[in-house]
Amino acid sequence: MKVKGVNLGNWLVLEKWMNPALFAGTDAEDEYWLPRRLDPAVYEARIRMHRSEYITERDFVTISSWGFNTVRIPVPYFIFGDRKPFIGCIEELDRAFAWAEKYGIKILIDLHSVPDSQNGSDNGGLSGVCKWAQEPEEVSFVLDLLEKLAERYGHRPGLWGIQPLNEPATPEIYKLFDFEHRYPAVDPKMAEGNAPVSWEFLYQFYLDAYERMRPHLAEDKVILFHDGFDIHHWKDFFANADLKNVALDTHQYLMMAEMFGCEQTVDGYLHYIREHYAKDMEEVQQYVDVYCGEWCLFNSLATGKDTHGGQSVLNGEQGGSGEGEVFTPEEKRKIYLPIAKAQLEAWGKGSGFFYWSYKLLTDTVNTPGWIGWDSWDLGRCVDFGWFPLDTLKDM
């Protein structure tokens, strides 16, 4: 079965840019600082309201009706409610499994954040800090957490698999993205000792996670390893380890391709997709099942300016001319649709994909600087005719 999936991003793991209203009245930029900037009662009310409304049963009906068969659900390290001041969310995940099993959808549980972060970005829960891999007690905590998740869901019919860690920043990508400057730490002392996740640590952590989870999982459940932003770094790992039903996850965004020199034209994107994405997927698929766990249609061309790897909003820059859309709706469709088809074809060279993300609540019309960012929202892409559901059904 080809996985045709979508991420339920910003539901159980918050990202401010996807729902700025949750952070209103605070200077918090990430999930760590939000409860530390709000009265506890206000924080709890906001979080519980958000979780109850952001994803509901109806969303699983919609996702199934579009032809998708899997969802990737990012979860935080405090999912079981044992890390104050955060509020656990295991009940929400339980409900998601009931919905998924009702409507014929599988779930990939993705551990998206860990204490003191594995990458230093806002999606890791704590901006500007990357120290988790250096803290044995916290690594042990995460392994215990993964085992508890495997025990709880390992034989549920709705489980497709578990991903033990999202986007660990290995040395090369840590340097390229310059996480400490891109996402400054609120408390500089917390950032002292920051370091990327070494390959040696990552290999061993994955083996340890596998050993803890596999005994609790039914044979058909997948353990999915993120590639640390280097899809070609894994052949020896899989060849030398005796692992059952494991797979590789790679995240490929056009804004990253632009950082690697991809020309910001439709032809430039199509060339990059065919020469890099498709060929890489086909090559790696020869020795392990490979999935593109995150991708979308966002690109600088459609925003009307170079976003410098998606940093234009972070830097307070305006999208396009700063006065409105650069392209007509039909012109935008002519940008997005061929790019969507080409990427779907590329992911078809592997074992499947998960779009990032199902929805976002960012107001791209009334908020300056957000032109083009609606392409992160799968629902809008479907409604605008940018995402070809007919192509999806043929995969």
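Read on for a plain summary of the structure. Throughout, a residue's number is its position along its own chain's written sequence, starting from 1. Reporting of local features is limited, given that this is a predicted model, to residues whose pLDDT is at least 70; pairs of side-chain atoms are given and counted only at 80 or more, and all residues count toward the totals for whole chains, interfaces and linings. Values reported for side chains reflect all heavy atoms of the structure, with hydrogen atoms and water molecules removed beforehand.

**Quick notes on the side chain of Lys4**
Step number 1: Numbering of helices and strands runs from the N terminus, with a helix taken as a DSSP run of H or I at least four residues long and a strand as a DSSP run of E at least two residues long. Topologically, Lys4 is positioned in strand 1 (residues 3–7).
Step number 2: Only protein chains enter the calculation, and the probe is 1.4 Å; a residue is then buried if its accessible area is under 20% of its type maximum, exposed if over 50%, and partly exposed in between. For the purpose of counting charges, residues Lys and Arg are taken to be positive, whereas Asp and Glu are taken to be negative. His and the chain ends are not included. Salt bridges are defined by distance alone: a side-chain nitrogen of Lys or Arg within 4 Å of a carboxyl oxygen of Asp or Glu. It turns out Lys4 is buried and unbridged, and the closest side chain with the opposite charge, Asp394, is 8.2 Å from it.
Step number 3: Under the rule applied, a polar contact is a pair of N or O atoms within 3.5 Å (in protein, one hydrogen donor and one hydrogen acceptor; residues adjacent in sequence only if both atoms are side-chain atoms). Within the structure, Lys4 has its side chain in polar contact with the backbone oxygen of Leu392 (distance 3.5 Å).
Step number 4: Other than its neighbours up to four places away in sequence, Lys4 contacts Gly67, Phe68, Asn69, Thr70, Phe353, Leu392, Lys393 and Met395. Any pair of residues with heavy atoms lying within 4.5 Å of one another is described as a contacting pair.

**Some remarks on helix 5 (residues 136–153)**
Step number 1: To estimate the expected span of a helix, count its residues, drop one, and scale the result by 1.5 Å. Over its 18 residues, helix 5 extends 26 Å from the first C-alpha to the last, a length consistent with the 26 Å expected when each residue adds 1.5 Å.
Step number 2: What helix 5 keeps buried is the set Glu138, Val139, Phe141, Val142, Leu143, Leu145, Leu146, Leu149, Ala150 and Tyr153.
Step number 3: Among the structural elements, helix 4 (90–102), strand 3 (106–111), strand 4 (159–163) and helix 8 (199–213) are those in contact with the buried residues of helix 5.

**Section: the pairing of strand 1**
Step number 1: Within strand 1, five of the five residues are buried, which leaves the element mostly enclosed by the surrounding structure.
Step number 2: Neither face of strand 1 is open: one carries Val3, Gly5 and Asn7, the other Lys4 and Val6, and all of them are buried.
Step number 3: Strands pair, by our definition, only if DSSP identifies at least two bridges between them. Taken together, the four bridges between strand 1 and strand 8 (residues 352–355) define a ladder with parallel strand orientation. From the neighbouring strand, Val3 faces strand 8, where its bridge partner is Gly352.
Step number 4: Of the pairings in the sheet, the one linking strand 1 to strand 2 (residues 70–75) comprises three bridges and is parallel in character.

**Quick notes on the side chain of Thr26**
Step number 1: With respect to the helices, strands and loops of the structure, Thr26 is situated in the loop between strand 1 and helix 1 (34–37).
Step number 2: Using a relative accessible area of 18% as the deciding quantity, one classes Thr26 as buried.
Step number 3: Reaching out from Thr26, the side chain makes a polar contact with the backbone oxygen of Phe23 at a distance of 2.8 Å.
Step number 4: Engagement of the side chain of Thr26 in a polar contact is seen with the backbone nitrogen of Ala28, the distance being 3.2 Å.
Step number 5: Setting aside its immediate chain neighbours within four residues, Thr26 contacts Leu34, Arg37 and Leu38.

**Re the sheet that holds strand 1**
Step number 1: Ordered in space as 1-2-3-4-5-6-7-8, the eight strands form a closed barrel in which the pairing is parallel. When the angles between neighbouring strand axes are averaged without regard to direction, this sheet yields 25 degrees.
Step number 2: Note: strand 4 against strand 5 (residues 222–226), two bridges, orientation parallel. What sits directly across from Gly161, in strand 5, is Val222.
Step number 3: The convention used is that axes are lines fitted to C-alpha atoms, helices contributing only their stretch in contact, and that angles between N-to-C directions extend from 0 to 180 degrees. Of the strands in this sheet, strand 2, strand 3 and strand 4 touch helix 4, which is tilted by about 155 degrees from strand 3.
Step number 4: Running over the sheet, helix 11 (residues 266–284) touches strand 6 (246–251), strand 7 (290–294) and strand 8 and is turned about 135 degrees from strand 7.

**Describing the pattern of salt bridges**
Step number 1: Applying the stated criterion to the full structure yields 16 salt bridges.
Step number 2: Among the salt bridges present, the one from Arg48 reaches Glu44, with a minimum N-O distance of 2.9 Å. Taken together, the positions of Arg48 and Glu44, both in helix 2 (residues 40–54) and four residues apart, correspond to about one turn of that helix.
Step number 3: Between Arg72 and Glu294 there is a salt bridge; the shortest N-O distance is 3.0 Å. Of the two residues, Arg72 is situated in strand 2 and Glu294 in strand 7; the sequence distance between them amounts to 222 residues.
Step number 4: Judged by its relative accessible area of 0%, Arg72 falls in the buried class.
Step number 5: The exposure class of Glu294 is buried, given its relative accessible area of 4%.
Step number 6: Several salt bridges converge on common partners, so that one network encompasses Arg72, Asp110, Asp249 and Glu294.

**Let's talk about the packing of helix 5 against helix 8**
Step number 1: Following both chains from N to C, one finds helix 5 and helix 8 inclined at 35 degrees, their axes separated by 9 Å at the closest point. Helix 8 is crossed by helix 5, and the crossing has right-handed handedness. Contacts between helix 5 and helix 8 involve Val139, Val142, Leu143, Asp144, Leu146, Glu147 and Ala150 from the first element and Phe201, Phe205, Asp208, Ala209, Arg212 and Met213 from the second.
Step number 2: In this count, Pro and Cys sit with the nonpolar residues alongside Ala, Val, Leu, Ile, Met, Phe, Trp and Tyr, while Asp, Glu, Lys and Arg are called charged and the others, Gly among them, polar. Classifying every residue of the contact of helix 5 with helix 8 by side-chain character gives nine nonpolar, no polar and four charged. For a crossing to be left-handed, the near helix must be turned anticlockwise from the far one by less than a right angle; the clockwise case is right-handed.

Take it as geometry only, folks, not as evidence of what the structure does.
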